[in-house]
Amino acid sequence: MDSHKRWKIKFSLLMVVLIIIIYGSNYLVLGDAEHIISYIWTHLGFIPVDILVVAFLLDEIIERKEKEAMLEKLDMLMSTFFSEVGNEMINQLSHANKYKASTENLKSIKNWDEKDYDLKLEELKNTSIDFQADISPENREEFLENLRNLLVDKREFIINLINNPNLLEKEEFTGLINAILHLDEELEHRKDLSLVTDADFAHLNGDMQRVYNKLVHEWVYYLRYLNKHYPYMIALIIRTNPFDEDADVYVK
């Protein structure tokens with residue numbers, strides 16, 4: 001028997017001895033056995049109630065804390081996602097977007113407070129960003145090739161993300177990963193990108209818009225998270241803001 005179990009047995013025996021001493025002394029002094037028995041039964045009746053209440057409360061508290069810890073890890077995982085693939089995808093799609101005015105207000109994100117983030121997230125959730133890759137026919141192959149190479153290079157990383165069962169708790173982020181994997185599959189099946197026609201490019205535009213909308217939403221969500229919990233980390237992202245053509249990584 002290990003020392004931990006021996007300690008438990010000794011402690012339990014000590015408590016039993018103390019109970020006998022306390023109730024025994026009560027009987028010797030007051031001589032009212034009926035009162036003692038009634039008192040014990042009354043408190044024994046409350047033990048199941050106490051256990052029930054404590055068990056539910058503790059279970060709720062523990063479950064909430066575990067979920068908060070899990071979501072915290074997922075939010076930090078988003079940092080890796082944007083470092084690995086997200087920021088570069090935003091750059092490529094934003095520079096190609098014909099409707100850059102639709103993301104014009106994201107240039108001023110360095111001046112936002114928590115309310116601004118909440119309002120923008122609500123807007124992105126309810127409305128789609130105007131997107132159309134404004135690429136001339138002669139440059140389409142290069143543009144699509146660069147996008148496909150990015151997704152191929154990061155495919156293993158993206159698949160590892162989708163295999164994380166905890167991601168099911170973040171529906172929007174899961175939707176983004178699925179949209180990226182679908183775009184990757186569309187491009188991968190087109191072995192010769194020079195054969196992409198206007199109609200085919202329009203179809204790919206729809207897939208890119210789906211990714212772009214979800215990507216921007218998660219980018220803003222990620223920045224809100226950093227602004228609230230890690231403000232020192234958001235400075236670099238603001239200096240490399242893909243929606244601000246004047247952004248400069250060097251501190252002025």
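Residues numbered from 1 in each chain as written. Predicted model: local features only at pLDDT ≥ 70, side-chain atom pairs only at ≥ 80, totals over all residues. Heavy atoms only, no water.

*Asks:* Help me out: how do you make sense of the overall build of the protein in this one?
*Replies:* The number of helices and strands found in the protein is 8 helices and 0 strands. Going residue by residue from the N terminus, the α and β elements of the protein occur as α-α-α-α-α-α-α-α. Its C-alpha radius of gyration of 30 Å places the protein more than 25% over the 18 Å reference for a compact globule of 252 residues. Across its three principal directions, the C-alpha atoms of the protein cover 105 × 40 × 35 Å. For the protein, the share of sequence-separated contacts (at least 6 apart) that also reach a separation of at least 24 residues comes to 75%. Carbon and sulfur atoms make up 57% of the accessible area of the protein, which amounts to about 16300 Å² in all. Within the protein, one finds 28 positive and 44 negative side-chain charges whose respective centroids are separated by 4 Å. (Helix = DSSP H or I, 4+ residues; strand = E, 2+ residues; numbered from the N terminus. Rg over C-alpha atoms; globule rule 2.2 N^0.38 Å. Contact = heavy atoms within 4.5 Å. Areas by Shrake-Rupley, 256 points an atom, 1.4 Å probe, with all protein chains shown as cover. Lys, Arg positive; Asp, Glu negative; His and termini not counted. Charge placed at Lys NZ, Arg CZ, Asp CG, Glu CD.)

*Asks:* For this particular structure, what's the right way to read helix H5 (residues 155–162)?
*Replies:* For an α-helix the count is 3.6 residues per turn, leaving residues at separations of three or four pointing the same way. For H5, every residue scored as buried is listed here: Phe157, Ile158 and Leu161. With its buried residues spanning 95° around the axis, H5 presents them on a single face. (Buried < 20%, exposed > 50% of the residue type's maximum accessible area, 1.4 Å probe, protein only. Arc of directions from axis to C-beta.)

*Asks:* How should I be thinking about the packing of helix H6 (residues 171–189) against helix H7 (residues 198–229) in this particular structure?
*Replies:* The description of two packed helices rests on the angle between their axes and on the distance between the axes. Close contact between H6 and H7 brings their axes to 9 Å; oriented N to C, the two are set at 150°. Considering the angle they form, H6 stands roughly antiparallel to H7. Between H6 and H7 lies a crossing of left-handed hand. Contacts between H6 and H7 involve Glu172, Phe173, Gly175, Leu176, Ala179, Ile180, His182, Leu183, Glu186 and Leu187 on the former and, on the latter, His203, Leu204, Asp207, Met208, Arg210, Val211, Lys214, Leu215, His217 and Glu218. Looking at the contact of H6 with H7 residue by residue, the class counts come to 10 nonpolar, 4 polar and 6 charged. (Axes fitted to C-alpha atoms, helices over the stretch in contact; angles between N-to-C directions. Parallel < 35°, antiparallel > 145°, perpendicular 65-115°, else oblique. Left-handed = near helix turned anticlockwise from the far one by under 90°. Nonpolar A, V, L, I, M, F, W, Y, C, P; charged D, E, K, R; others polar.)

*Asks:* So what exactly am I meant to see when it comes to the nonpolar core here?
*Replies:* Counting residues in each nonpolar core, the largest one holds 53 residues, and the members touching the most others are Phe81, Met89, Leu93, Phe143, Met208, Trp219 and Val220. Listing elements by their share of this core, those giving two or more residues are helix H2 (33–96), helix H3 (114–126), helix H4 (137–153), H5, H6, H7 and helix H8 (231–239). Looking at this core element by element, the count peaks at 13 residues for H7. Once residues within four sequence positions are removed from consideration, Phe81 is found in contact with Gly86, Phe157, Leu161, Phe173, Leu176, Ile177, Ile180 and Leu215. (Core = buried A, V, L, I, M, F, W, Y, C linked by side-chain atoms within 4.5 Å.)

*Asks:* Looking at this structure, how should I read the pattern of salt bridges?
*Replies:* Any two side chains of opposite charge can pair, given that their charged atoms come close. Evaluated as defined, the whole model comprises 12 salt bridges. With a closest N to O distance of 3.3 Å, Glu123 and Lys120 form a salt bridge. Within this pair, Glu123 and its partner Lys120 are both found in helix H3, separated by 3 residues, close to a single helical turn. Lys191 is the partner of Glu188 in a salt bridge, and the nearest nitrogen-oxygen pair spans 3.7 Å. On the basis of relative accessibility, which here comes to 28%, the residue Glu188 falls in the partly exposed class. Its relative accessible area of 64% is what places Lys191 among the exposed residues. Connected through salt bridges with shared partners, the residues Arg155, Asp184, Glu188 and Lys191 form a single ionic network. (Salt bridge = Lys/Arg side-chain N within 4 Å of Asp/Glu carboxyl O.)

*Asks:* Honestly, the environment of Tyr225 in this entry has me stumped. Any pointers?
*Replies:* Position of Tyr225 among the secondary structure elements: in helix H7. Linking Tyr225 and Lys8, residues 217 residues apart in sequence, is a C-alpha distance of 45 Å. In this view, Tyr225 contacts Glu72, Asp75, Met76 and Tyr230; residues no more than four positions away in its chain are not counted.

*Asks:* Can you walk me through the packing of aromatic side chains in this structure?
*Replies:* Two measures describe an aromatic ring pair: the distance that separates the ring centres and the angle between the ring planes. Under the criterion given, the structure shown has 8 aromatic pairs. A ring pair is formed by Phe81 and Phe82, whose centres lie 5.0 Å apart and whose planes are at 75°; its orientation type is edge-to-face. Of the two residues, Phe81 and Phe82, both sit in the buried class. Taken together, Phe81, Phe82, Phe173 and Tyr222 form an aromatic cluster joined through their ring pairs. (Phe/Tyr/Trp six-rings, centres within 6.5 Å; stacked < 30°, edge-to-face > 60°.)

*Asks:* What is the right way to look at H6 in this model?
*Replies:* With 19 residues, H6 ought to run about 27 Å at 1.5 Å a step, and its terminal C-alpha atoms sit 27 Å apart, in line with that. Every buried residue of H6 is listed here: Phe173, Thr174, Leu176, Ile177, Ala179, Ile180, Leu183, Asp184, Glu186 and Leu187. (Expected span 1.5 Å × (residues − 1).)

*Asks:* Help me understand the confidence of the model for the protein in this model?
*Replies:* Caution applies to low-pLDDT regions: their predicted coordinates should not be interpreted in detail. Residues of the protein with pLDDT of at least 70 account for 95%, and the chain-wide mean is 84. The spread of mean pLDDT over the elements of the protein runs between helix H1 (residues 3–30), the lowest at 76, and H4, the highest at 94. (pLDDT = per-residue confidence, 0-100.)

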